[in-house]
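# Structure at a glance
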Amino acid sequence: MLSEAAPGKVRIIHGDILTYKMEKAFPKHLKKNWEDEPPDIHIIGNLPFSVSTPLIIKWLENVSKRDGPFIYGRTQMTLTFQKEVGERLTANPGSNQRSRLSIMAQHLCTVENCFIIPGQAFVPKPEVDVAVVHFTPLVQPKIQQPFELVEKVVQSVFQFRRKYCFRGIETLFPENGRLKRTEQLMMTANVDPTLRPFQLSMSQFRNLCNAYRKMCDEDPSLFVFNYREELRQKKMTRRLLGSTDQPEQTEEEKQL
């Protein structure tokens, strides 16, 4: 119906937005250098809540690597999210809404919460209001490290958001030498270990990522370490032994 209403101006593509190759979606002549103004391309989407978070993380990774729809330059995006997700994307340090999404989005883009659409404006009506959020990729990211490294550090910090940030950073390191390495990282990054994750500034996250990158360069096994896998292995060992003499499960193990 849309394509019939605007012949030659609208092209309808049926597909999965999570897998669609957007780098092939636009004419090559629209491409601009990254340092230039954004190209005449704008991604606008009323996103289903079920895919909004994995999709924006995917596109943020594309921004970091300058691929996907960002091979054309600093392509702008205006997207809808559940109101609470929109608040997380734009939250400042100290806000209770500050989260992994806040850091991952704001270190790569200028993020603006444009306005709120009340749920009653939609048919069928959702149970929540909707935030319209605008993204413009930055010329230089605020944390100049690989996307995967930044994501790992940020996820670890926010793993225990109600506890001191020291507790989350511990999960970056194997049990053997964990305390010493955590103290080394915090000291090198000059971050107060008693701050809560939502209190950390972007510059503090940058320092943590830079310090962690240096430690990974010195010991490449650190980057592939998976804390949750370590917990699973300990849990499996306890089950195999079947011994009541084993120590009680930690709070983190019980969550798995």
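Notes on the structure follow. (Residues numbered from 1 in each chain as written. Predicted model: local features only at pLDDT ≥ 70, side-chain atom pairs only at ≥ 80, totals over all residues. Heavy atoms only, no water.)

### Re the overall build of the chain
Scanning the chain for helices and strands turns up 11 helices and 4 strands. Judged by the C-alpha coordinates and their principal axes, the chain covers about 75 × 40 × 35 Å. Accessible surface computed for the chain: about 14,700 Å², of which carbon and sulfur atoms make up 51%. Side-chain charges of the chain comprise 36 positive and 30 negative groups, with the mean position of each set lying 1 Å from the other. (Helix = DSSP H or I, 4+ residues; strand = E, 2+ residues; numbered from the N terminus. Areas by Shrake-Rupley, 256 points an atom, 1.4 Å probe, with all protein chains shown as cover. Lys, Arg positive; Asp, Glu negative; His and termini not counted. Charge placed at Lys NZ, Arg CZ, Asp CG, Glu CD.)

### Brief notes about the environment of Met 186
On the secondary structure map, Met 186 appears in helix H7 (residues 178-189). Not counting residues within four places of it along the chain, the set of residues in contact with Met 186 comprises Cys 165, Phe 166, Ile 169, Val 191, Asp 192, Pro 193 and Leu 208. (Contact = heavy atoms within 4.5 Å.)

### Considering the sheet that holds strand E3 (residues 109-117)
Taken together, 4 strands build an open sheet; the order of strands is E1-E2-E4-E3 and the sheet is mixed. Two strands bound the open sheet, and with one partner strand each, they are strand E1 (42-45) and E3. With direction set aside, neighbouring strand axes in the sheet form an average angle of 20°. Across 6 bridges, the pairing between strand E2 (residues 76-82) and strand E4 (residues 130-137) is antiparallel. Across the sheet, residue Leu 79 finds its bridge partner in E4, namely Val 133. Those strands touched by helix H2 (residues 49-65) are E1, E2, E3 and E4, and its axis lies near 150° from that of E2. (Pairing = 2+ DSSP bridges. Axes fitted to C-alpha atoms, helices over the stretch in contact; angles between N-to-C directions.)

### A short note on helix H3 (residues 83-90)
Along H3, the residues that are buried comprise Val 85, Gly 86 and Leu 89. Relative to the axis of H3, the buried residues are bounded by an arc of 100° and lie together on one face. Looking at the buried side of H3, the elements it contacts are H2, E2, helix H4 (100-106), E3 and E4. (Buried < 20%, exposed > 50% of the residue type's maximum accessible area, 1.4 Å probe, protein only. Arc of directions from axis to C-beta.)

### A short note on the pairing of E1
Residues Ile 43 and Gly 45 point to one face of E1 and are all buried, whereas His 42 and Ile 44, pointing to the other face, are not buried. By the bridge criterion, 4 bridges tie E1 to E2 in an arrangement that is parallel. By the bridge assignment for E2, Gly 45 is matched with Leu 79. Since E1 and E2 lie parallel, the crossover through H2 that links them has a hand, and here it is right-handed. (Right-handed = clockwise from strand over helix to strand, strands pointing away.)

### Observations regarding the side chain of Gln 145
Note that Gln 145 resides in the loop between E4 and helix H5 (147-157). Polar side-chain contacts of Gln 145 include one of 2.9 Å to the side chain of Asn 210. Aside from chain neighbours lying at most four places away, what touches Gln 145 is Val 150, Cys 209, Asn 210 and Arg 213. (Polar contact = N/O pair within 3.5 Å; in protein donor to acceptor, adjacent residues only side chain to side chain.)

### A word on helix H8 (residues 202-218)
The end-to-end C-alpha separation of H8 is 25 Å, in line with the 24 Å expected for 17 residues at 1.5 Å each. Of all the residues in H8, the buried ones are Met 202, Gln 204, Phe 205, Leu 208, Cys 209, Ala 211, Tyr 212, Met 215 and Cys 216. Of the surrounding elements, those touching the buried residues of H8 are H4, H5, helix H6 (165-170), H7 and helix H9 (221-224). (Expected span 1.5 Å × (residues − 1).)

### Points about the pattern of salt bridges
Summed over all chains, the structure comprises 9 salt bridges. The salt bridge involving Glu 229 is made with Arg 232; its shortest N-O contact spans 3.8 Å. A residue pair is termed a helical-turn pair when its members lie 3 or 4 positions apart in one helix, as Glu 229 and Arg 232 do in helix H10 (residues 227-241) at 3 residues. You can call Arg 232 partly exposed: its relative accessible area is 39%. Where salt bridges share partners, they join Glu 61, Lys 65 and Glu 148 into one cluster. (Salt bridge = Lys/Arg side-chain N within 4 Å of Asp/Glu carboxyl O.)

Treat this as a map of the structure, not an account of what it does.
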